[in-house]
Amino acid sequence: MTTVICPYCFDRSSAAKLPYRCLMTPSGVRGGSPCGPQRDDIWAGFMGPGAPPAARMRGPVFTPARRLAALPVPVGPRGGSSVPCPDCGVPTPVRVCRGCHNDLPSDYCDQDSRIIALVGAKASGKSTYVSVLLNELNQRVGQAYHASLAAMGQTTQQRDKEMAEDLYERLRLPDATRPAALGFNDPLLYRLSVPRRGRPGSGTRHTTLVFFDAAGEDLAGAEAMDRYTRYLSAADGIVMLVDPLQLGSVRDRLPVHDGPPLPVVETPPQQIAADLAAQLRAHGKGGSRGRVSTPIAVAVTKTDMLRPLLDPHSPLLRNASHTEGRFDEDDRLGVHEEIRSLMADWDSGALVRQLELDFAELSLFGLSALGAPPPADAPADVPKSGPQPVRVEDPLLWLLARRGVLPVRSTAKGRAGKGRVK
Ligand SMILES: Nc1nc2c(ncn2[C@@H]2O[C@H](COP(=O)(O)OP(=O)(O)OP(=O)(O)O)[C@@H](O)[C@H]2O)c(=O)[nH]1
Ligand SMILES: [Mg+2]
Ligand SMILES: [Zn+2]
Ligand SMILES: [Zn+2]
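Residues numbered from 1 in each chain as written. Chains lettered and ligands numbered in written order. Predicted model: local features only at pLDDT ≥ 70, side-chain atom pairs only at ≥ 80, totals over all residues. Heavy atoms only, no water.

Draft legend 1. Here's a closer look at the overall build of the protein. For the protein, the count of helices and strands is twelve helices and 20 strands. For a compact globule of 422 residues, the expected C-alpha radius of gyration is about 22 Å, and the protein comes in at 23 Å, within 12% of that figure. Along the first, second and third principal axes, the C-alpha atoms of the protein reach 75 × 45 × 45 Å. Residues counted as buried form 53% of the 422 residues belonging to the protein. Residue pairs in contact within the protein that sit at least 24 positions apart in sequence constitute 73% of those at least 6 positions apart. (Helix = DSSP H or I, 4+ residues; strand = E, 2+ residues; numbered from the N terminus. Rg over C-alpha atoms; globule rule 2.2 N^0.38 Å. Buried < 20%, exposed > 50% of the residue type's maximum accessible area, 1.4 Å probe, protein only. Contact = heavy atoms within 4.5 Å.)

Draft legend 2. Molecular detail of the sheet that holds strand β14 (residues 188–195). If you walk across this open sheet you meet the seven strands as β13-β14-β15-β12-β16-β17-β19, and the pairing is mixed. With partners counted over all chains shown, the strands left at the sheet margins are β13 (148–151) and β19 (362–366), one partner each. On average, each strand axis in the sheet is inclined to that of its neighbour by 25°, with strand direction left out of account. Here strand β16 (residues 237–242) pairs with strand β17 (residues 296–300) via five bridges, running parallel. Its bridge partner lying in β17, Val242 is registered against Val300. Running at roughly 160° to β16, helix α9 (residues 269–282) makes contact with β12 (113–120), β16 and β17 of the sheet. (Pairing = 2+ DSSP bridges. Axes fitted to C-alpha atoms, helices over the stretch in contact; angles between N-to-C directions.)

Draft legend 3. Spotlight on helix α5 (residues 153–169). An ideal rise of 1.5 Å per residue puts 24 Å on 17 residues; α5 measures up with 23 Å between its terminal C-alpha atoms. Among all positions in α5, only Thr156, Asp160, Met163 and Leu167 are buried. Angular distribution of buried residues about the axis of α5 spans 75°; they occupy a single face of the element. Across from the buried face of α5, at angles greater than 90 degrees, the exposed residues are Gln154 and Glu169. Check the buried side of α5 and you find it contacts α3 (126–138), β13 and β14. (Expected span 1.5 Å × (residues − 1). Arc of directions from axis to C-beta.)

Draft legend 4. Focus on unusual backbone geometry. Of note, the phi angle at His146 is positive, near 50°, even though the residue is not glycine. Checked against the element boundaries, His146 lands in the loop between α4 (140–145) and β13. Phi is positive for Arg391, which is not a glycine, with a value near 60°. Topologically, Arg391 is positioned in the loop between β19 and α12 (394–402).

Draft legend 5. Here's a closer look at the packing of aromatic side chains. Under the counting rule described, the total for this entry stands at six aromatic pairs. Judged by centre distance (5.9 Å) and plane angle (55°), the rings of Phe365 and Trp398 are tilted. One end of the pair, Phe365, is in strand β19; the other, Trp398, is in helix α12, with 33 residues separating them in the sequence. Each member of the pair Phe365 and Trp398 is classed as buried. Just above the ring of Trp43 sits the side chain of Arg58; from NZ or CZ to the centre is 4.3 Å. (Phe/Tyr/Trp six-rings, centres within 6.5 Å; stacked < 30°, edge-to-face > 60°. Lys NZ or Arg CZ within 6 Å of the ring centre and 35° of its normal.)

Draft legend 6. The side chain of Thr301, seen in detail. Here Thr301 is to be found in the loop between β17 and β18 (327–328). Within the local environment of Thr301, its side chain forms a polar contact with the backbone oxygen of Ser124, the two atoms lying 2.9 Å apart. Non-local contacts of Thr301, meaning those with residues more than four positions away in its chain, are made with Ser124, Leu241, Val242, Asp243, Pro244 and Leu367. (Polar contact = N/O pair within 3.5 Å; in protein donor to acceptor, adjacent residues only side chain to side chain.)

Draft legend 7. Spotlight on the nonpolar core. Among the nonpolar cores identified, the biggest contains 94 residues, and Tyr129, Leu209, Phe211, Tyr231, Leu232 and Leu276 are the most heavily contacted of them. Dropping the residues within four chain positions of it, Leu209 is found in contact with Arg114, Ile116, Leu149, Leu188, Leu189, Tyr190, Leu192, Leu396 and Leu400. Within the second largest apolar cluster, nine residues are counted, among which are Tyr8, Trp43, Cys97 and Phe184. (Core = buried A, V, L, I, M, F, W, Y, C linked by side-chain atoms within 4.5 Å.)

Draft legend 8. Main features of the side chain of Gln354. Among the structural elements, Gln354 can be located in helix α11 (residues 350–358). Judged by relative accessible area, which is 17%, Gln354 ranks as buried. Once residues within four sequence positions are removed from consideration, Gln354 is found in contact with Gln270, Ala273 and Ala274.

Draft legend 9. Region of interest: the coordination of the zinc ion (ligand 3). Distances from the zinc ion (ligand 3) to its protein donors, Cys6 (SG), Cys9 (SG), Cys97 (SG) and Cys100 (SG), fall at 2.3 Å. The coordination sphere of the zinc ion (ligand 3) comprises four donor atoms, whose angles at the metal cover 105 to 114°; the geometry is tetrahedral. Taken in chain order, the donor set of the zinc ion (ligand 3) reads C-x2-C-x87-C-x2-C. Accessibility assignment for this pair places Cys97 and Cys100 in one class, buried. (Donors = N, O, S within 2.8 Å, 3.2 Å for Na, K, Ca; no water. Tetrahedral: all angles 85-135°; square planar, octahedral: opposite > 155°, others 65-115°.)

All quantities given are derived from atomic positions and should not be read as evidence of function.
This is how it looks when you write it as structure tokens:
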């Protein structure tokens, strides 16, 4: 039996127990008249005051009779099933969460999901990272692994389209993400399809990816983060972004440059990591020796700005090769060690030491979503050449490889080390 975790409120339910929503389609109505909209107070209550009153009127929710739930009408090759509405008789494929009444895309309920939580201080680069990452997964990285990524549901498709137009066509950087107090930010839902055993023709494995791009303000302290507790404790993996330009010692080390002004210093990464670990521990994620069991990928962003501090042979300056569609474990360790030694220099290794004490599965990464700083005269713009990302895919690929979703290549067999791929 498939267990479905709602990507909105993180309620767990067996797929068979989910209610359906009538789509109020006028065609195919048996007997009477089509269903009309009804006030959905459960949904409105979850979405908060930001939801416009008109949006509260939605298709009626119904729980199918047992007999029907057991015999769903199959629809299309993408799976999912339709059940006829008891009032109008028209079949609907749309299932809703019991807890919050959000609609779940029809194929969301049919496969394993991996929830990836994204955390980081305000302006550390989360929204830019997600958009560029999705584009890379659809192109260069997707090609290397014969993988494809499809946005699920209209909200995600619409957001992706707008973000891609802004970043790649109009060359505009994303706006600051609105904090939860001002309205609900929808999770981003994707279906990742990867060939089994890393080869096409050996069957395909589908995994649902749920990303949640929170506003930095909402992760700025234990109290604010509390709102995200359910999301963080449901996560299969965490990507934490660290903005090096917000670290005092890095700012001091950078040569005088003609790029845009340095960002305001927000919540220190060490505090975010400590609050995160405390939240996860409080929700049963504390494993052996009090360390949190959820794997965490900690990625230093904006590495384009760090070039003056790097050796010309640094692995941070180029993408991983992804040869033969395998995740290169030796390459990952090279990057991990490089970031570790950079951090030792920045804060005497205090952040790394704390992460190692708090998290049992940790790997360090370095990435640049843009490949170059925004133009000095237009700090809200993407560099003229468009995003030229470096290593944006590594943290997610590591988390997926750890879960056996991607094949791994390693020459240093049996090597012990932090964040070893299992
Ligand atoms: N140099 C450089 N700057 C970047 C890069 N990515 C993002 N930035 C800068 O960081 C700023 C913030 O990026 P966002 O993606 O909006 O950051 P965020 O973490 O989503 O911010 P909030 O939503 O406010 O929490 C951007 O406006 C850019 O100025 C990068 O790869 N390199
Ligand atoms: Mg943002
Ligand atoms: Zn829900
Ligand atoms: Zn109906």
